[in-house]
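Breakdown of the fold
Given next are the chains, with one letter for each unit.
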There are 2 protein chains.
Amino acid sequence: MSLSSLALAEFQASVGASYVITDRSAVSEYERATFATNQKIPSVILPASRQEVQECVRIANRHKLTIYPISRGRNWGLGSRVPVHDGCCVLDLKRMNQIIAFDEDNAVLTVEPGVTFQQAADFLAERKSQLYLTTIGGPPDASLLANALERGDGVGPLGDRAKYCTGLEVVLPNGECIHTGLEAFENSFSGKLAQFGLGPAIEGLFFQSNLGIVTQISIWLARKPRHFQLVMFAARNEAEVTAATKELRELQQLGVLCDTAYSLWNVYRFLTAQIRYPWDAVGGKVAPPRELLNHLPSAWKGVEWVGFVGIYSPSRAHAKASRRMVRRALRGKVSKLIIIDALMAKLGKLLARPLQKLTGVDVRKMLDNAYFHSVFLGHPTKLETGSIYWRKRGATPPDCNPDRDRSGLHWVCPALPFEGAHIVCVTRTVEEIAIRHGLEPMCMFFNMNQWYLKSFIVIMFDQEVPEEATAASKCHDEIVTTLDRMGYSMIRLGIQSMHLAAPSEQTYINVIRSLKQTLDPNDILSPGRYDFRHKWNGSA
Amino acid sequence: MSLSSLALAEFQASVGASYVITDRSAVSEYERATFATNQKIPSVILPASRQEVQECVRIANRHKLTIYPISRGRNWGLGSRVPVHDGCCVLDLKRMNQIIAFDEDNAVLTVEPGVTFQQAADFLAERKSQLYLTTIGGPPDASLLANALERGDGVGPLGDRAKYCTGLEVVLPNGECIHTGLEAFENSFSGKLAQFGLGPAIEGLFFQSNLGIVTQISIWLARKPRHFQLVMFAARNEAEVTAATKELRELQQLGVLCDTAYSLWNVYRFLTAQIRYPWDAVGGKVAPPRELLNHLPSAWKGVEWVGFVGIYSPSRAHAKASRRMVRRALRGKVSKLIIIDALMAKLGKLLARPLQKLTGVDVRKMLDNAYFHSVFLGHPTKLETGSIYWRKRGATPPDCNPDRDRSGLHWVCPALPFEGAHIVCVTRTVEEIAIRHGLEPMCMFFNMNQWYLKSFIVIMFDQEVPEEATAASKCHDEIVTTLDRMGYSMIRLGIQSMHLAAPSEQTYINVIRSLKQTLDPNDILSPGRYDFRHKWNGSA
């Protein structure tokens, strides 16, 4: 499988010879993910502008080649930089890394695909902006644009990013370029500000899709809260997690809490964020997951879920009123309840050492992570990506890269109603399956809004241990298909799960197929990515 | 222009003979709008179910007929029940008026096209629900579903309705039926709860569109606030409206105020909500618009804009904190500032008579409308629709119907940034044009979110006065094209403006055209409605 020399020459003429990578060892870097893959990539092309992207698309059409755009390729757990299908040229857009526009008054940032979360955060910090960009738990060098397009999310206000971006610039599979919403009007004042344009809304077609290459996007920014408080609580059993969830949903319905600011972790996820796998303590061999819970700090023994809630307030009086309502709602219903405000955080830091002795928890580190440099306040963090090395032996490198270091990771992302009973059901289902495969069952839940939760189920393993990799893969597939069948539908897929989940309605699949065939008649763009083609044959 | 007897027989067989209207005088009712129209309708068909809609669509395809679905036909000012193009059979969906599902815990209501705002409000009141449906200023018997699909809005939380609905059931132009989002998964728990499904989001294609007939939709409901306050203020000049808008945007960025809860009226719109045209005082003949301002209650003389802001709070402490911030932000910057809370409203009602003497305003009526039965709290109102009769002579009938009574109305809906300078610019532009045409310039502005405002520009006239109707039509066209050219892009169109505004990007038009041709190859569904076909020829 190789490119014709003619096509290669055209790509080289379009982006410059040094930006067409064909060297096998360099290309093979792109073939690595956080799990085993077989896809081969003939070459990697790095365009530097929207015009170059358009030329690449036209070349692909002329030569009937398939291309697969990536932004920063940090889609760890879901495929990294690897195409869904074999034989696609990767279009790496990381050179398009400009912040195109920034409007402090109107709170909008316009970026290209290569702009990272860290870059955007630094940009705002340098300008002493009153705004911030809700960030992810994932790597700071991930692409902001790609996160939005995959319907990823950030923690805190405007975290459901796909809802807060406008004015997509899209290169269509035929090489034409369009702008969505009011950006399709050449002189509109509101192109970056209005959520919808005029007529049918087509921007949705370019999220989780292979119908266009988005080369620019405007992202809305949140205003820094004047007062921030972090609530932590623990639930020791199903009754507690159910009661807490009911109260938190009501507080959100009333407007005390906001979207994407409630995060609930099961105890295994909490454990893996605290410590690395205790190889020494378990004698160097993998232990049954349940036994590992003995390594929790003593204060957290017996806990089954740990919750984190951000409270964002415009004044001290609002903060106080909200704290009182949250405390009253949760008190007596959960096992621990800690509300950290600015004063308490400062005191806690002063008293970090004695507190650590008392609780076994590194209080200073926890306060930095939870409060001062909290992901809840838009600070990108390497914390969660570091924990991907959970099952690896040896030290975690400072520049985490699980693709390179062969730490294993699968992600599963279903939706569920904002109800404790469903949290319990998903957690128990994942626990049963993962433990049966000898893996730690890690579940996180996140309030997308007052109506539903997104769950992130994380399967960590060591790619260098073949039986673990096989078990993880089976475990992943079983969790996806089991939850999907139960009614916990997937809302994001990886290259390893594209064939496992799809709408069950054939008429719906038919629409997706006809949209693909209309917009991409030569099928050149990311075939198999969210197009459900494994179900096209079922059509009438 | 008439239907073949074969097609007619098939429609009759599908929906029942009594639900196919061909009688000219009955059909001609559907040909009336709030302005003159020429479109002829061969017949009106009233299906009772989604299956009957599907059959009608299939009949239309077989006979190459065009059909034009309406829900309640209350699209006053934008075309009422009249199709964009001549010769379309109207598919009147008002018989499909069932509330299909209601979930108090999850705050979701599922409705058919014929369900009205009043019906939904009564339904919730009967159940003593803690939830309410954000309502419109328009007629209480308008369709909730159609309001959402046209990207209409309600006042208060969740008012930008197109953002808060899920699980569309859509009959496609080929007669197939699909369900959007997670409703396309047969057993999903989150079909009515999750904003997005899996893969490309196609629901946007069915808003402001002619790509499908939506026969069911789930609408999210807001929780009743524990404390509601209404802020009223007046601005006497450009400096005041600019300062107030800046402060209000900042308060919204901070989370003190919410989306779709700030409404700003220019003085002409305020006047027409207070009184009917003062025919007697002006000697029975139309007076220059400026002179009418003499008829404002004395307390409001010299005012140029009047603002209304709802504050929704979860506790008394929050309410107090928010009131303090609003007062501090606006005090000294605007000419009047009144904040009505529950206590003040009760006192005001007790003191209604003396207050009326003092201010010239009917305080009891104002408090009922503004507070106790406020549209801000989801109470449908006939107030604004009554004011459509502004230019009519004689009493306003209790059952307003401007189509029937030939009161004239045009609506214009552009978007603008959330900035005072733009409010001033739109207002001045509309004033100059409308006054030149001898009409009162009425502008309303409404915060869709912290990023942009929607403006409603209202042109009222008497259809029975031919020169007024002609002037109104010219005035409408000039306002649409002038604002559009200035950068105040239209975000909603009427049948009279479909040919006046469109995205300026030809590649974008090409996409809309190819979507239409793919999904509706026989062009049977609402031709000309938001498909920008007047610009199809410009394509390559």
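The shown structure was predicted, so the numbers you read here are calculated from the model rather than taken from an experiment. (Residues numbered from 1 in each chain as written. Chains lettered and ligands numbered in written order. Predicted model: local features only at pLDDT ≥ 70, side-chain atom pairs only at ≥ 80, totals over all residues. Heavy atoms only, no water.)

With that settled, consider helix α12 (residues 363–372) of chain A. Residues and elements named next belong to chain A. Looking only at α12, the buried set comprises Val363, Leu367, Ala370 and Tyr371. What you see down the axis of α12 is that its buried residues fit within an arc of 85°, all on one side. Next to the buried residues of α12 lie β12 (227–235), β15 (336–340), α10 (342–350) and α11 (352–359). (Buried < 20%, exposed > 50% of the residue type's maximum accessible area, 1.4 Å probe, protein only. Helix = DSSP H or I, 4+ residues; strand = E, 2+ residues; numbered from the N terminus. Arc of directions from axis to C-beta. Contact = heavy atoms within 4.5 Å.)

So, on to the side chain of Arg249 of chain B. Relative to the assigned elements, Arg249 of chain B resides in helix α6 (residues 238–254). For the buried Arg249 of chain B, no salt bridge is present, and the opposite-charge side chain at shortest range is Glu419 of chain B, 4.3 Å distant. At 2.7 Å, the side chain of Arg249 of chain B forms a polar contact with the side chain of Asn106 of chain A. In this view, Arg249 of chain B contacts Asp105 and Asn106 of chain A together with Phe418, Glu419 and Gln450 of chain B; residues no more than four positions away in its chain are not counted. (Lys, Arg positive; Asp, Glu negative; His and termini not counted. Salt bridge = Lys/Arg side-chain N within 4 Å of Asp/Glu carboxyl O. Polar contact = N/O pair within 3.5 Å; in protein donor to acceptor, adjacent residues only side chain to side chain.)

Right, let's get into the relation of the copies chain A and chain B. Note that the two copies of the chain are related through a rotation about an axis and a translation along the same axis. Rotating chain A by 180° and translating it 0.0 Å along the rotation axis places it on chain B, where the RMSD comes to 0.0 Å. Here the symmetry operator amounts to a two-fold rotation axis. The rotation axis passes nearest to the C-alpha of His318 of chain A in chain A, at a distance of 2.7 Å. (Least-squares fit on C-alpha atoms with pLDDT ≥ 70 in both.)

Here the focus is the packing of helix α15 (residues 420–436) of chain B against helix α16 (residues 466–486) of chain B. Residue and element names in this part refer to chain B. Viewed as axis vectors pointing N to C, α15 and α16 meet at an angle of 150°, and their least axial separation amounts to 10 Å. Taken together, the axes of α15 and α16 are roughly antiparallel relative to one another. Considering only the axes of α15 and α16, their crossing is right-handed. Judged by residue contacts, Cys425, Val426, Thr429, Val430, Ile433, Ala434 and Arg436 of α15 engage Cys475, Glu478, Ile479, Thr482, Leu483 and Met486 from α16. Looking at side-chain class alone, the contact of α15 with α16 contains 9 nonpolar, 2 polar and 2 charged residues. (Axes fitted to C-alpha atoms, helices over the stretch in contact; angles between N-to-C directions. Parallel < 35°, antiparallel > 145°, perpendicular 65-115°, else oblique. Left-handed = near helix turned anticlockwise from the far one by under 90°. Nonpolar A, V, L, I, M, F, W, Y, C, P; charged D, E, K, R; others polar.)

Let's shift gears to a positive patch on the surface. Together, Lys320, Arg324, Arg327, Arg328 and Arg331 of chain A make up a region of like positive charge exposed at the surface. Tracing the backbone shows Lys320 of chain A in helix α9 (residues 316–330). (Patch = residues over 30% accessible without salt bridge, like charges linked within 9 Å, V, L, I, M, F, W, Y side chains within 5 Å. Areas by Shrake-Rupley, 256 points an atom, 1.4 Å probe, with all protein chains shown as cover. Charge placed at Lys NZ, Arg CZ, Asp CG, Glu CD.)

So, on to the domain arrangement of chain A. All names here are of chain A. With domains assigned, chain A is organised as domain 1 (5–92), domain 2 (99–223), domain 3 (227–340 + 382–492) and domain 4 (506–538). Listed per partner, the contact involves 14 residues of domain 1 and 20 residues of domain 2. Scanning the region where domain 1 abuts domain 2 turns up 2 salt bridges. A salt bridge links Asp141 to Arg74, with the shortest nitrogen-to-oxygen separation between them at 3.0 Å. Seen at the junction of domain 1 and domain 2, the total is 5 residue pairs in polar contact (both at pLDDT 80 or more). (Domains from an automatic or database assignment.)

Attention now goes to α6 of chain B. Residue and element names in this part refer to chain B. Counted at 1.5 Å a residue, the expected span for α6 with its 17 residues is 24 Å, and the 24 Å between its end C-alpha atoms agrees. Turning to α6, its buried residues are Glu240, Val241, Ala244, Thr245, Leu248, Arg249, Leu251, Gln252, Gln253 and Leu254. For α6, the capping residue at the N-terminal end is Asn237, with a side-chain oxygen 3.2 Å from the backbone nitrogen of Ala239. Downstream of α6 by one or two residues, Gly255 has phi in the positive range, about 95°. (Expected span 1.5 Å × (residues − 1).)

Generally speaking, a soluble globular protein has its nonpolar side chains buried in company with each other. Counting residues in hydrophobic clusters, the biggest one holds 334 residues, and the most contacted among them are Ile202 and Phe206 of chain A together with Ile202 and Phe206 of chain B. If sequence neighbours within four positions are ignored, Ile202 of chain B has contacts with Leu205, Tyr508, Val511, Ile512 and Leu515 of chain A together with Ile178 of chain B. (Core = buried A, V, L, I, M, F, W, Y, C linked by side-chain atoms within 4.5 Å.)

In this section: empty space enclosed by the protein. The tally for this structure, following the rule as stated, stands at 6 cavities of 30 Å³ or more. Each pocket or cavity is described by its volume, and for the second largest cavity that value is around 500 Å³. In terms of lining, the second largest cavity is formed by 25 residues, of which the most central are Phe196 of chain A together with Ala162, Phe196, Glu203 and Gly204 of chain B. For the lining of the second largest cavity, the secondary structure elements donating two or more residues are β8 (165–171) of chain A together with β8 (165–171) of chain B. If you tally residues by element for the lining of the second largest cavity, the top one is β8 of chain B, at 4 residues. A class-by-class count of the residues in the lining of the second largest cavity yields 12 nonpolar, 7 polar and 6 charged. (1 Å grid on protein atoms, 1.4 Å probe; cavity = no way out; pocket = protein on both sides within 12 Å on 5 of 7 lines; lining within 4 Å. Points joined across faces, edges and corners; volume = space filled by probe spheres on them.)

This brings us to the interface of chain A and chain B. Each partner contributes residues to the interface: chain A has 92 residues there, and chain B has 92 residues. Here chain A packs against chain B, burying approximately 7900 Å² in sum over the two surfaces, 61% of which is carbon and sulfur. The largest per-residue losses of area from chain A upon contact with chain B belong to Leu198, Pro200 and Trp451 of chain A, which jointly make up 11% of the total buried on that side. For the pair chain A and chain B, the interface holds 4 salt bridges. The residue Glu250 of chain A makes a salt bridge to Arg226 of chain B at a minimum N-O spacing of 3.4 Å. Joining chain A to chain B, the criterion identifies 45 residue pairs in polar contact (both at pLDDT 80 or more). Of all the secondary structure elements, the ones that give two or more residues to the side of chain A that touches chain B are β9 (177–179), α6 (238–254), α9, β16 (407–417), α16 (466–486), β19 (490–492) and α17 (506–519) of chain A. Among the elements that make up the side of chain A that touches chain B, the one with the highest residue count is α17 of chain A (9 residues). Of the residues belonging to the side of chain A that touches chain B, the class tally is 49 nonpolar, 26 polar and 17 charged. (Buried area = accessible area lost by both parts, 1.4 Å probe.)

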